[in-house]
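Per-entry structural report
Listed below are the residues making up each chain.
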Amino acid sequence: MKAKVDRSKENIYIAHRILVELETRKAAIDIEPEKDVIEELYNSWYNLFGIIRNEIKNIPAKYLNEPGTQDLLNLSKDILNKGLRPHLTKYQAAFKRWYDIEKSKDQNRAKSPQEIQKEYEHYQNIVAEMKIVNQILKQYADGLKKIIWNQ
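The residue count restarts for each chain, going from 1 along the sequence in the order it is written. With the structure being a predicted model, the display of local features is reserved for residues of pLDDT at least 70 and the display and counting of side-chain atom pairs for 80 or more, all residues being used for whole-chain, interface and lining totals. In computing side-chain values, all of the structure's heavy atoms are included and hydrogens and water are not.

Describing the nonpolar core
Judged by nonpolar contacts, the single largest core of 43 residues is most densely connected at Leu-22, Tyr-42, Trp-45, Leu-84 and Leu-144. Elements with a minimum of two residues in this core: helix H1 (9–23), helix H2 (38–57), helix H4 (69–103) and helix H6 (123–149). Here Leu-84 is in contact with Trp-45, Leu-48, Phe-49, Ile-79, Val-133 and Leu-137, once residues within four sequence places are set aside. We define a nonpolar core as any set of buried Ala, Val, Leu, Ile, Met, Phe, Trp, Tyr and Cys residues linked to one another through side-chain atoms lying within 4.5 Å. Only protein chains enter the area calculation, which uses a 1.4 Å probe; residues under 20% of their type maximum are buried, those over 50% are exposed, and those in between are partly exposed. Labels follow the DSSP assignment, with helices taken as runs of H or I lasting at least four residues and strands as runs of E lasting at least two, numbered in each case from the N terminus. Contacts are assigned to residue pairs that have any heavy atoms within 4.5 Å of one another.

Here you go:
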């Protein structure tokens with residue numbers, strides 16, 4: 001997760017906006033399987049994906065040739081394509097489909113979301129891989145902090 005990005009005001013601004021998104025979601029904050037609801041995590045990660053994509057899409061063309069901006073763009077795309085996308089592609093749709101069916105069943109109405117999600121066939125794999133994604137996203141957040149605060 002190393003990238004050399006010049007600390008222009010524009011790069012700092014973009015990096016800070018992306019960092020805030022990572023650190024105010026269960027992206028760069030530890031996942032707690034006993035407390036967190038996978039459906040909510042997936043919704044948050046999916047929204048995060050769109051927000052980061054919009055941040056990098058909306059960079060004015062005049063900044064694209066500035067030193068370091070391409071590196072920041074590559075780092076941001078790595079957050080999406082190496083951090084989030086592989087897990088979401090592998091698990092999100094199947095889990096959400098299963099979970100939507102299960103939470104509407106009468107026998108599950110009294111159960112908490114955490115109790116229901118534990119019954120998913122691949123629950124242990126999802127949680128284990130979510131923790132890995134979480135650690136990867138923390139490393140990307142650390143890279144963004146280096147850009148912002150010149151650490």
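What about the packing of aromatic side chains?
A pair of Phe, Tyr and Trp rings is counted when the ring centres sit within 6.5 Å of each other, with Trp represented by its six-membered ring. The angle between the planes then sorts it: under 30 degrees is stacked, over 60 is edge-to-face, the rest tilted. All chains considered together, the criterion is met by seven aromatic pairs. When the centroid spacing of 5.5 Å and the interplanar angle of 20° are considered together, the rings of Phe-95 and Tyr-99 count as stacked. Here Tyr-99 and Phe-95 lie together in helix H4, a separation of four residues that amounts to about one turn. The interplanar angle of 55° and the centroid separation of 4.9 Å between the aromatic rings of Trp-98 and Tyr-120 together place this pair among those described as tilted. Taken together, the residues span a long stretch of sequence, with Trp-98 in helix H4 and Tyr-120 in the loop between helix H5 (113–117) and H6 at a distance of 22 residues. Taken together, the aromatic side chains of Tyr-42, Trp-45, Phe-95, Trp-98, Tyr-99 and Tyr-120 make up a single cluster linked through ring pairs.

Comments concerning H4
A helix is expected to reach a length of 1.5 Å times the quantity of its residues less one. An ideal rise of 1.5 Å per residue puts 51 Å on 35 residues; H4 reaches only 45 Å between its terminal C-alpha atoms. The bend reported for a residue corresponds to the angle between axes fitted to the seven residues ending at that residue and the seven starting there. In the structure, H4 departs most strongly from a straight axis at Leu-84, where the bend amounts to approximately 45° and where the proline Pro-86 lies between one and four residues downstream.

Side note on H2
With 20 residues, H2 should reach 28 Å at 1.5 Å per residue; the first-to-last C-alpha distance of 28 Å fits that figure. Residues Ile-38, Glu-39, Leu-41, Tyr-42, Ser-44, Trp-45, Leu-48, Phe-49, Gly-50, Ile-52, Glu-55 and Ile-56 constitute the buried set of H2. Residues of H2 that are buried make contact with H1, H4, H5 and H6.

Digging into the confidence of the model for the protein chain
Do not read the fine detail of predicted coordinates wherever pLDDT is low. Every residue carries a pLDDT, the predictor's confidence in it, which falls somewhere between 0 and 100. Looking at the protein chain, pLDDT values average 91 and 95% of them are 70 or higher. Per-element confidence in the protein chain is highest for H5, whose mean pLDDT is 98, and lowest for helix H3 (residues 61–64), whose mean pLDDT is 83.

Observations concerning the environment of Ser-8
By the secondary structure assignment, Ser-8 is in the segment before H1. Separated by 22 residues in the primary sequence, Ser-8 and Asp-30 place their C-alpha atoms 30 Å from one another.

Topic: the pattern of salt bridges
Salt bridge, as applied in this entry: a Lys or Arg side-chain nitrogen positioned within 4 Å of an Asp or Glu carboxyl oxygen. Tallying each qualifying case throughout the model produces 16 salt bridges. Among the ionic pairs, Glu-32 bridges to Lys-35, the shortest N-O distance being 3.5 Å. Judged by relative accessible area, Glu-32 falls into the partly exposed class, the value being 34%. Across the pair Lys-111 and Glu-119 runs a salt bridge whose closest N-O atoms are separated by 2.6 Å. Judged by relative accessible area, Lys-111 falls into the partly exposed class, the value being 29%. By sharing partners, the salt bridges in this structure join Lys-26, Glu-32, Lys-35 and Asp-36 into a single network.

Overview of the packing of H2 against H4
Only the stretch in contact is used when fitting a helix axis, every axis being a line fitted to C-alpha atoms; angles between N-to-C directions are given from 0 to 180 degrees. Close contact between H2 and H4 brings their axes to 8 Å; oriented N to C, the two are set at 150°. For the pair H2 and H4, the crossing hand works out as left-handed. Counted by class, the contact of H2 with H4 contains 16 nonpolar, five polar and seven charged residues. With the far helix as reference, a near helix turned anticlockwise by less than a right angle produces a left-handed crossing, and one turned clockwise produces a right-handed crossing. For this classification, Asp, Glu, Lys and Arg are treated as charged, while Ala, Val, Leu, Ile, Met, Phe, Trp, Tyr, Cys and Pro are nonpolar and the rest, including Gly, are polar.

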